Amino acid sequence: MFAPRRVTAVVWLLAVTVAAAAQPLDITVSHHARGLFPGEAVLLRVEASGPLTEVRATAFDETVRFYEAADGVWHGLVGIDLGVEPGDHDVALRIVPATGTAIAHIYTLSVEHKAYRTRQLTVAPRYVAPPPEVGERIAREARQQAAIFATVTDERLWRGSWARPVPGQATGAFGSRSVFNGQPRSPHSGADFRAAEGTPVTAPNAGTVVLTGDTYFSGGSVILDHGWGLYSYFAHLSKILVEEGDLVEPGQAVGHAGATGRVTGPHLHWTLRLNGARVDPLSLIEILKD
Ligand SMILES: [Zn+2]
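Residue positions are counted from 1 within each chain, in the order its sequence is given. Residues qualify for local features only when their pLDDT is at least 70, as the model is predicted, and side-chain atom pairs are given and counted only at 80 or more; totals for whole chains, interfaces and linings, by contrast, use all residues. Computation of side-chain values covers all heavy atoms of the structure but excludes hydrogens and water.

Two pairing modes exist for strands in a sheet, parallel and antiparallel, and in both the strands are linked by backbone hydrogen bonds. At least two bridges found by DSSP between two strands is the condition for calling them paired. A run of DSSP states H or I qualifies as a helix once it reaches four residues; a run of E qualifies as a strand once it reaches two. Both are numbered from the N-terminal end. Read from one edge of the open sheet, three strands run β12-β18-β16, paired in antiparallel fashion. Strands with a single pairing partner mark the edges of an open sheet, and in this sheet they are β12 (200-202) and β16 (239-240). When β16 meets strand β18 (residues 253-256), the two strands line up antiparallel, connected through two bridges. Its bridge partner being in β18, I240 is matched across the sheet by G255.

Next up, the structure:
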């Protein structure tokens, strides 16, 4: 009498455990962006019917880290580089539920073609045909910048929404094919903002200062590492107010706008790099609005 009852109880408990483990978690993946084309930052959103411990993805051969936002939705930023070919690009997600094993999920981004305009600019001849003696300097600065943008720091310093670094409007120059004194150059990979000489340039979000100084093409330069592969590069500054290693708060002045380097006049140039991708800073501001 006693023994069979125990066996039944054990079987019933096992059945419950198996059912709980096999309970499928409802996963919904969506994106938020101004559009899916080269040069755009995209917010990926992962919603699950149960708690998650981690979400990661691989997009355009880069690792995308996710954080849990206030509403319980997991957010990750993907950059569609200016050079990405239009077409379907799969994002491979790895979603780890609090109970159970990791779930693999594919989300496809259908990248469309965008025609960026060409702009003709006239600058000092030394910025179009640099004299031989600065060749080594230009190469060194390019290597240094590439090494910075290729480094992904583990701590995410940025939070919440992003602010414009100067009050002036952007000129819509992001992505333009630039022709300097009749010579075609690589596409303009930053946003230009109207700013008079001396206008304070403020940090759009928190970050660590990883480079300050004068560079050949960009003039007075400050690079902020916001963490998780996100960088801000401010160029053509007339004055620099921070030092390498400084931790800056959102809204803190890092320098003054100016007209140093390869420019036609005073303005602020802001390049954003997201896991190496050249994306329009205005696209990031738009998708992370409160
Ligand atoms: Zn520019």
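Picking up after the structure, the text goes on.
Here we have seven strands laid out as an open sheet, ordered β1-β2-β5-β4-β3-β6-β7, and antiparallel in their pairing. Two strands bound the open sheet, and with one partner strand each, they are β1 (27-32) and β7 (103-111). Neighbour-to-neighbour, the strand axes of this sheet turn through a mean angle of 25°, independent of strand direction. In terms of strand pairing, strand β3 (residues 52-59) meets strand β4 (residues 62-68) through four bridges, oriented antiparallel. When the bridges of β4 are listed, R56 appears paired with R65. Throughout, an axis means a line fitted to C-alpha atoms (over the contacting stretch in the case of helices), and angles, computed between N-to-C directions, take values from 0 to 180 degrees.

Moving on: the coordination of the zinc ion. In this analysis a donor is any N, O or S atom within 2.8 Å of a metal ion (3.2 Å for sodium, potassium and calcium), and since water is not included, sites may seem incomplete. H188 (NE2), D192 (OD) and H269 (ND1) make up the full set of protein donors to the zinc ion, lying at 2.0 to 2.1 Å. When the donors of the zinc ion are listed by position in the chain, the intervening gaps give H-x3-D-x76-H. Here H188, found in the loop between β10 (183-184) and β11 (190-193), pairs with H269, found in strand β19 (residues 268-274); they are 81 residues apart in sequence, far enough to count as distant.

A few words on helix α2 (residues 135-149). To estimate how far a helix should extend, the number of its residues minus one is multiplied by 1.5 Å. Here α2 contains 15 residues, and its C-alpha end-to-end distance of 21 Å stays within 8% of the 21 Å for a straight helix at 1.5 Å per residue. Relative accessibility decides the category of a residue: with a 1.4 Å probe and only protein chains considered, values under 20% of the type maximum give buried, values over 50% give exposed, and everything between is partly exposed. Within α2, burial applies to I138, E141, Q145, I148 and F149. For α2, the angular spread of the buried residues around the axis is 95°, confining them to a single face. Throughout, a contact is declared for two residues whenever any of their heavy atoms are within 4.5 Å. Among the structural elements, β13 (207-215), β14 (219-227), β15 (230-237) and β19 are those in contact with the buried residues of α2. Think of it as the arc spanned by the lines of direction from the helix axis to the C-beta atoms.

Here we take up the domain arrangement of the protein. Domain extents, as shown, originate in an automatic or database domain assignment. Annotation of the protein at the domain level lists domain 1 (2-111) and domain 2 (118-287). Distance between the C-alpha centres of domain 1 and domain 2: 34 Å. On the domain 2 side, the residues contacting the 20 residues of domain 1 number 23 residues. Interface of domain 1 and domain 2: buried area, both sides summed, is about 1800 Å²; carbon and sulfur atoms make up 63% of it. By buried area we mean how much accessible surface two parts lose on assembly, using a 1.4 Å probe and totalling the loss over both. Ranking the residues of domain 1 by area buried against domain 2 places R65, L77 and L82 at the top, with a combined share of 37%. By salt bridge we mean one thing: a side-chain nitrogen of Lys or Arg within 4 Å of a carboxyl oxygen of Asp or Glu. Where domain 1 touches domain 2, the interface holds three salt bridges. Here D280 and R34 are joined by a salt bridge, their closest N and O atoms 3.1 Å apart. For the purposes of these results, a polar contact is taken to be a pair of N or O atoms within 3.5 Å, where, inside protein, one atom must be able to donate a hydrogen and its partner to accept one; residues adjacent in sequence count only when each atom of the pair is a side-chain atom. The interface formed by domain 1 and domain 2 contains six residue pairs in polar contact (both at pLDDT 80 or more). Where the side of domain 1 that touches domain 2 is concerned, the elements lending two or more residues are β2 (40-48), β4 and β5 (74-80).

On to the packing of aromatic side chains. A pair of aromatic rings is counted whenever rings of Phe, Tyr or Trp (Trp by its six-membered ring) have centres within 6.5 Å, and the orientation is called stacked for planes under 30 degrees apart, edge-to-face for over 60 and tilted otherwise. Considering all chains together, one arrives at eleven aromatic pairs under this definition. Geometrically, the ring pair formed by Y127 and F217 is tilted, given 6.5 Å between the ring centres and 50° between the ring planes. Separated by 90 residues along the polypeptide, Y127 in the loop between β8 (118-121) and α2 and F217 in the loop between β13 and β14 bring together distant segments of the chain. What links up through ring pairs into an aromatic cluster is the set Y67, W158, W162 and W228. By definition here, charges over rings are those cases where NZ of Lys or CZ of Arg is within 6 Å of the ring centre and within 35 degrees of the ring normal. The ring centre of W228 lies 5.4 Å from the NZ or CZ of R156, which sits over that ring.

All right, on to the environment of A253 then. Note that A253 resides in strand β18. The exposure class of A253 is partly exposed, given its relative accessible area of 27%. Along the backbone, A253 and A206 are 47 residues apart, and their C-alpha atoms lie at a distance of 11 Å. When neighbours within four sequence positions are excluded, A253 is seen to be in contact with V201, T202, L241 and V242.

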